[in-house]
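The residues making up each chain are set out below.
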Amino acid sequence: FSGPPTQLNNGDSHSTPTSHPIPPNLDSLPSMPPIPTWFLLAFFLLLTTLSTALSRTHRHQQSCSSSCGAISNITYPFRINSDPVECGDGDYELVCEDNQTMLEIGHGKFLVKNISYAENLIRVVDVELAKGSCGMPLTVQFDYLLIGDNRYMLTGSTVESVYVNCSRKVLNENYTEVPCLSGNHSYVYVVYDYSLSEIIASLNESCEAVATVRSDKVGRKNRSYENIVKVLQSGFELGWNIECRDCHRSGGFCVHIEHSRTVICEKTDAAEIVHLLINLISTIVGTLFFCKLLCSGIDI
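Quick caveat, the model's predicted, so the values are computed rather than measured.

About the cut-offs
Residues numbered from 1 in each chain as written. Predicted model: local features only at pLDDT ≥ 70, side-chain atom pairs only at ≥ 80, totals over all residues. Heavy atoms only, no water. Helix = DSSP H or I, 4+ residues; strand = E, 2+ residues; numbered from the N terminus. Buried < 20%, exposed > 50% of the residue type's maximum accessible area, 1.4 Å probe, protein only. Polar contact = N/O pair within 3.5 Å; in protein donor to acceptor, adjacent residues only side chain to side chain. Contact = heavy atoms within 4.5 Å. Pairing = 2+ DSSP bridges. Axes fitted to C-alpha atoms, helices over the stretch in contact; angles between N-to-C directions. Disulfide = S-S within 2.5 Å. Phe/Tyr/Trp six-rings, centres within 6.5 Å; stacked < 30°, edge-to-face > 60°. Patch = residues over 30% accessible without salt bridge, like charges linked within 9 Å, V, L, I, M, F, W, Y side chains within 5 Å. Areas by Shrake-Rupley, 256 points an atom, 1.4 Å probe, with all protein chains shown as cover. Salt bridge = Lys/Arg side-chain N within 4 Å of Asp/Glu carboxyl O.

Examined against the element boundaries, Arg 214 turns out to sit in strand 12 (residues 207-216). Accessibility expressed as a relative area gives 11% for Arg 214, which makes it buried. Within polar-contact distance, the side chain of Arg 214 engages the side chain of Asp 143 at 2.6 Å. Within polar-contact distance, the side chain of Arg 214 engages the side chain of Thr 158 at 3.3 Å. Sequence-distant contacts of Arg 214, defined by excluding residues within four places in its chain, comprise Phe 142, Asp 143, Leu 154, Thr 158, Val 159, Glu 160 and Phe 236.

Following this line, the structure appears as structure tokens:
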């Protein structure tokens, strides 16, 4: 060391006193305002909603398989109403009733005859026609059930037929009488492979359309009731596509690639922005509404 050692003299009256910082007075600091209870609950509900939405896809991909009657291996996207909540997609829920698999669309009810996962097709028949050879379809206007329903779509191989109730006999080769439903000045006919709009445009004043039904197209040559009812009872096919359903709900439209099962979702930037805003506003409004209900008895 080049210099003399430094000596500390605690008793030296001329030594410089050591300074110590003065602790702040915590009472004088501005206090944070308390967080309202309603805000905490709203934040919690918002997180819960987002968490549920994010995990929905994962839940739907759970490997579940069930059966009901003649339909076995019911799996994603379908589910039976008695399946655990993590199975399948809720939009494609089927009902197991009296050991029969049913599909409900609006007020329409259909017996499921087959599901083809390879082709994304489900074959169904009106539940009343499935009961026997003498039945009036339950559905009044089937095609209207699919308006606004993005889950299912008609295939190009199906045709529409119309049930007509008349107070007088009709002499028309396109009208096939349903003997078991006719009598007492009431004559019921089925007009195969004619749309409801075509029938209404040419409907006799003594008649009214009472029901419509879809079936496979097999031609109009043999119009006996026995042949027609066999065709109607064989049912018809509906297609489904998860990507198309999600595309429609996000404001877009599906483009099917010819000779391929590939679909492309086309949507404008404006449609996507509007969809996101609607979802955001719906989430906020719903969260605040439930929060108000929960907080109605809490002093905030």
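Turning our attention to the sheet that holds strand 12. With antiparallel pairing, the four strands of this open sheet are ordered in space as 10-11-9-12. Among the strands making up the open sheet, the edge pair consists of strand 10 (176-177) and strand 12. Relative to strand 11 (residues 187-191), strand 9 (residues 158-166) runs antiparallel, the two being bridged by five bridges. Opposite Cys 166, over in strand 11, you have Tyr 187 as the bridge partner. Helix 5 (residues 225-233) contacts strand 9, strand 10, strand 11 and strand 12 of the sheet and is inclined by roughly 60 degrees relative to strand 12.

What follows deals with the state of the cysteines. Using the criterion set out here, one finds six disulfides in the structure. Put simply, Cys 134 and Cys 180 are joined by a disulfide, and their sulfur atoms are 1.9 Å apart. Around the S-S axis, the bridge from Cys 134 to Cys 180 shows a dihedral of about 110 degrees and counts as right-handed. Taken as a pair, Cys 134 in the loop between helix 2 (127-130) and helix 3 (142-145) and Cys 180 in the loop between strand 10 and strand 11 lie far apart in primary sequence, 46 residues in all. When its relative accessible area of 37% is taken as the criterion, Cys 134 is described as partly exposed. When the bonded cysteines of the protein chain are counted from the start of the sequence, the pairing works out to 1-3, 2-4, 5-7, 6-8, 9-11, 10-12.

The seven strands are arranged 3-4-5-6-7-13-8 in an open sheet whose pairing can be described as mixed. Each edge of the sheet is formed by a strand with only one pairing partner; in this case those strands are strand 3 (79-80) and strand 8 (152-154). Judged from the four bridges that link them, strand 5 (residues 100-105) and strand 6 (residues 108-116) form a sheet pairing that is antiparallel. Residue pairing across strands places Ile 105 opposite Gly 108, the latter belonging to strand 6.

A full pass over the atoms with the stated rule returns nine aromatic pairs. Between Phe 78 and Tyr 117 the ring centres are 6.3 Å apart and the planes differ by 70 degrees, which places this aromatic pair in the edge-to-face class. With Phe 78 in the loop between strand 2 (71-74) and strand 3 and Tyr 117 in the loop between strand 6 and strand 7 (121-126), the pair connects residues that are 39 residues apart, well separated along the chain. Its relative accessible area of 26% is what places Tyr 117 among the partly exposed residues. With a centroid separation of 5.4 Å and 85 degrees between ring planes, the pair formed by Phe 110 and Phe 142 is classed as edge-to-face. In this pair, Phe 110 is assigned in strand 6 and Phe 142 in helix 3, connecting sequence segments 32 residues apart. Classification of Phe 110 as buried rests on a relative accessible area of 2%.

This part takes up a nonpolar patch on the surface. On the surface, Leu 280, Ile 284 and Leu 288 cluster together into a nonpolar patch covering about 270 Å² of accessible area. With respect to the element layout, Leu 288 can be found in helix 7 (residues 269-295). Residue classification places Leu 288 among the partly exposed residues on the basis of a relative accessible area of 43%.

Okay, the pairing of strand 11 next. Counting buried positions along strand 11 yields five of five residues, so the element is predominantly enclosed. Burial of strand 11 is two-sided: the residues Tyr 187, Tyr 189 and Val 191 facing one way and the residues Val 188 and Val 190 facing the other way are all buried. Sheet analysis places strand 10 next to strand 11, joined by two bridges and oriented antiparallel. Opposite Thr 176, over in strand 11, you have Val 190 as the bridge partner.

Turning our attention to the pairing of strand 7. Where burial is concerned, most of strand 7 is hidden: six out of the six residues are buried. The two faces of strand 7 match: Leu 121, Arg 123 and Val 125 on one face and Ile 122, Val 124 and Asp 126 on the other face are all buried. Where strand 6 meets strand 7, six bridges bridge the pair, whose relative direction is antiparallel. Bridging across to strand 7, Ile 115 finds its partner in Ile 122. Connecting strand 6 to the next strand, strand 7, in antiparallel fashion are four residues, including Asn 120 with a positive phi near 55 degrees. Sheet analysis places strand 7 next to strand 13 (residues 236-240), joined by four bridges and oriented antiparallel. Residue pairing in the sheet places Val 124 in a bridge with Phe 236 of strand 13.

Coordinates in, geometry out; function isn't part of it.
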